[in-house]
Amino acid sequence: MREKISVIRNADELKTWTRQQKLAGKTIGLVPTMGYLHAGHRSLIEAAVKACDVVVVSDFVNPTQFGPSEDYATYPRDEAKDLALCDEAGASVLFVPTVETLYPNGQDSAWVEVNHLGDHFCGAQRPGHFRGVTTVVMKLLLLSHADKAFFGEKDYQQLTIIRRMVSDFGVDCEIVGCPLVRESDGLALSSRNVNLKGNARKDALVLYRGLLAAKALFASGERRSEALIEAAKNVIESVAEASIQYIEVADPDTLDIFKDKTGERVQMLMAVRVGGVRLIDNMRL
Ligand code: AMP
């Protein structure tokens, strides 16, 4: 029978545990999260459980990926619920580090810098965000001795950047991308959805509807970037409370932006603020 999940809070303790697993010949899966887990996270954990002997889920709201005016303080947290979900999904360890155990030297830390992939989209609007992400993910990869690490396509730019980081540093870990999970009405699952109050929950559907409008136009043969972006924009701008931060079409592998005409493989990426909540979404057209 599978052992009950354990909680580890200390970096050295995690490192020792994962090293022991390695020595025992076990393969290790890692699922990094910021907690407040939902069915999207669960799909990653289930994929990890299927592919690996033991699975570590990390639950850490990483302060270094938030800007000073962002929602670090109000980011939702619920460790007890997260633990129950991880246990049910078959994870072995929930790693809930303190800030001090992951950043023992505070701001005076070594950082993993991001290449040009971090300049566009979310990176342009959230300076330092991806440096915080790559740094914490590198720490987690090293502490967990993971053979495979699982990331959602929900954060498409993040996944692309992490793939590149792992390849550039020669990290011996396979990065597995998992499909974006949506609510039945199309809203991309996100921990931040809990902050969509009143009409904002319904208004938030414009991201999905905008993506579908662009996808339909693409299917009809349209390849002009501007026309595809316009199709999504028109839908989103029909809701007064939605304000677009960016919408772009890009190569799905390199994330190079199609300025004029697209190719045949196209990823549309967007960030939109709805009722004060910043939401991101993306879709293969
Ligand atoms: P977060 O806790 O939001 O930092 O997300 C942790 C991991 O879960 C990341 O790899 C996300 O891409 C992934 N994730 C979040 N939401 C979804 C979703 N709706 N579908 C699939 N993966 C997701």
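Everything numeric here is computed off the predicted structure, so don't read it as measured data.

Here is what the cut-offs are and how they apply
Residues numbered from 1 in each chain as written. Predicted model: local features only at pLDDT ≥ 70, side-chain atom pairs only at ≥ 80, totals over all residues. Heavy atoms only, no water. Helix = DSSP H or I, 4+ residues; strand = E, 2+ residues; numbered from the N terminus. Expected span 1.5 Å × (residues − 1). Buried < 20%, exposed > 50% of the residue type's maximum accessible area, 1.4 Å probe, protein only. Contact = heavy atoms within 4.5 Å. Polar contact = N/O pair within 3.5 Å; in protein donor to acceptor, adjacent residues only side chain to side chain. Domains from an automatic or database assignment. Buried area = accessible area lost by both parts, 1.4 Å probe. Salt bridge = Lys/Arg side-chain N within 4 Å of Asp/Glu carboxyl O.

### Side note on helix H6 (residues 129-144)
Then, number 1: Taking 1.5 Å per residue as the helical rise, H6 with its 16 residues ought to reach 22 Å, and the 23 Å between its terminal C-alpha atoms agrees with that figure.
Then, number 2: Remark: His145 follows H6 within two positions and exhibits a positive phi of approximately 50°.

### Some points on the environment of Asn10
Then, number 1: Position of Asn10 relative to the elements: it lies in the loop between strand E1 (6-8) and helix H1 (11-23).
Then, number 2: The class of Asn10 is partly exposed, set by a relative accessible area of 34%.
Then, number 3: Here the alpha-carbon distance between Asn10 and Thr98, two residues 88 residues apart in the chain, equals 7.5 Å.
Then, number 4: Non-local contacts of Asn10, meaning those with residues more than four positions away in its chain, are made with Phe95 and Thr101.
Then, number 5: A distance of 2.9 Å separates a polar atom in the side chain of Asn10 from the backbone nitrogen of Asp12.
Then, number 6: There is a polar contact of 3.0 Å between the side chain of Asn10 and the backbone nitrogen of Glu13.

### With respect to the domain arrangement of the protein
Then, number 1: Assigned domains within the protein: domain 1 (6-178) and domain 2 (191-284).
Then, number 2: Here the C-alpha centre of domain 2 lies 26 Å away from the C-alpha centre of domain 1.
Then, number 3: The partner domain 2 presents 20 residues to the 22 residues of domain 1 that form the contact.
Then, number 4: A buried area of about 1,700 Å², summed over both sides, lies between domain 1 and domain 2, and 55% of it is on carbon and sulfur atoms.
Then, number 5: Of all residues in domain 1, the largest losses of buried area upon contact with domain 2 belong to Phe121, Gln125 and Tyr156, amounting jointly to 39% of the total for that side.
Then, number 6: Where domain 1 meets domain 2, there are 1 salt bridge.
Then, number 7: The interface formed by domain 1 and domain 2 holds 8 residue pairs in polar contact (both at pLDDT 80 or more) in total.
Then, number 8: Of all the secondary structure elements, the ones that give two or more residues to the side of domain 1 that touches domain 2 are helix H5 (121-125) and helix H7 (156-169).

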